[in-house]
Amino acid sequence: MENGALIEVLYFARVAEHTGTRHETVPLATPTPAGEWLQSLVDRFPSLAPASHLKLAINQQHALASDLIRPGDEVAVFDPVTGG
Amino acid sequence: MAVRIQSEPFDATQLALELQDRTAGQAGAIVHFLGMVRDYSPDQASRSLHLEHYPGMCEREIRQLCEQARQRWDILDTLVVHRVGELTLREPIVFVGVASRHRDAAFRACEFLIDALKTRAPFWKRETLENGQTFWVSQRQSDAEKTAQWGLKPVHHDASSKENNEPA
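(A) Spotlight on the overall build of chain A. Counting secondary structure elements, chain A contains 2 helices and 7 strands. If you list the helices and strands of chain A from N to C, you get β-α-β-β-α-β-β-β-β. Taken against the 2.2 N^0.38 rule, which gives 12 Å for 84 residues, the C-alpha radius of gyration of chain A at 12 Å falls within 12% of a compact globule. For the C-alpha atoms alone, the extent of chain A along its principal axes is close to 40 × 25 × 20 Å. Burial analysis of chain A (84 residues in total) assigns 39% to the buried set. In chain A, once contacts between residues fewer than 6 apart in sequence are set aside, the share between residues at least 24 apart is 57%.

Rendered as structure tokens:
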């Protein structure tokens, strides 16, 4: 499997407080829709629920629930942004 | 077109001059927006503000927005500077400058850029109150609506498919 079937995951701001880490490498055997993957993250960290309030980026691009996360990707999870 | 994310304070007058120099002889108008740190919890005394960001994606996202602005309006140059790290109340937090031949394009592009930045660029504000309590500032619904008014899809929503119209 390419890249050892792993993804790099980054957590930011409030989300990082709930996961207790800002970065981890996790297995991902096959391409998975972002929405489905996010739900599995919320299953691991129930205090992040609901998944529908979380935002996700794949390789530094905002992603849709239907976008596929592939092995080797950089995935980031965060709340709606509040810059400016 | 320049984008800078920095922890150091900036001087808005210097940044406006920089944009003026870069477009000297061509620009007939320079419009800039200066965002200031305000109190996000008016009912409780604030001490400071911390700005977290996603390095790399921030710059990339703002550059994409500047590129969109260039395609939509007849503008010559843009300069966006955003602070991160520890800030205090009343400090400038963001500078968005646009130079164009005629003022209409600069006004519109500048407003578009700050509206879009607020809902697309990955920054998060955490406020610390005088009593030491901290909280993450929530995105304002009106900011999301403003971005939608510019024809930018809200982040993560796919208008082309009802089934996919769920946030990721």
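(B) Inspection of the sheet that holds strand S1 (residues 2-6) of chain B at higher detail. All names here are of chain B. Taken together, the 4 strands give an open sheet; going across it, the order is S1-S4-S6-S2, and neighbouring strands pair in mixed fashion. Here the strands that pair on one side only, and so sit at the sheet edges, are S1 and strand S2 (29-36). Taken over all neighbouring pairs, the strand axes of this sheet differ in orientation by 5° on average, direction set aside. Of the strands in this sheet, S2, strand S4 (75-83) and strand S6 (92-100) are in contact with helix H1 (residues 12-22), which crosses S6 at around 20°.

(C) Spatial organisation of the sheet that holds strand S5 (residues 85-87) of chain B. Residues and elements named next belong to chain B. Pairing within the open sheet is antiparallel, and its 4 strands lie in the order S5-S3-S7-S8. What marks the edges here is a single partner per strand, and that holds for S5 and strand S8 (134-136). For this sheet, the mean angle separating the axes of adjacent strands, direction not counted, is 25°. Bridge count for strand S3 (residues 46-53) against S5 is 3 bridges, and the pairing is antiparallel. Counterpart to Leu51 in the pairing with S5 is Gly85.

(D) Seen up close, the pairing of S6 of chain B. Residue and element names in this part refer to chain B. Across the 9 residues that make up S6, a large majority, 8, are buried. Bridging between S2 and S6 involves 8 bridges; their strand directions are antiparallel. Residue pairing in the sheet places Ala29 in a bridge with Ser100 of S6. Relative to S6, S4 runs antiparallel, the two being bridged by 7 bridges.

(E) The arrangement of helix H2 (residues 34-44) of chain A in detail. Residues and elements named next belong to chain A. Turning to H2, its buried residues are Ala34, Gly35, Trp37 and Leu38. Taken end-on, H2 shows its buried residues confined to a sector of 160°, consistent with a single buried face. Turned more than 90 degrees away from the buried face of H2 sit Ser40, Asp43 and Arg44, all of them exposed. Lining the buried residues of H2 we find strand S3 (32-33), strand S4 (55-58) and strand S6 (68-69).

(F) Expanded view of unusual backbone geometry. Residues and elements named next belong to chain A. The omega torsion of the bond from Ala49 to Pro50 falls at 0°, within 30 degrees of zero and hence cis. As for its placement among the helices and strands, Pro50 is situated in the loop between H2 and S4. One non-glycine residue with positive phi stands out, namely Ala13, at about 50°. Residue placement: Ala13 occurs in helix H1 (residues 13-19). Backbone geometry at Asn59 places phi at a positive 50°, although glycine is not the residue there. Here Asn59 is to be found in the loop between S4 and strand S5 (61-62).

So, how was this worked out
Residues numbered from 1 in each chain as written. Chains lettered and ligands numbered in written order. Predicted model: local features only at pLDDT ≥ 70, side-chain atom pairs only at ≥ 80, totals over all residues. Helix = DSSP H or I, 4+ residues; strand = E, 2+ residues; numbered from the N terminus. Rg over C-alpha atoms; globule rule 2.2 N^0.38 Å. Buried ≥ 20, exposed ≤ 12 C-beta atoms within 10 Å, placed from the backbone. Contact = placed C-beta atoms within 7 Å. Pairing = 2+ DSSP bridges. Axes fitted to C-alpha atoms, helices over the stretch in contact; angles between N-to-C directions. Arc of directions from axis to C-beta.

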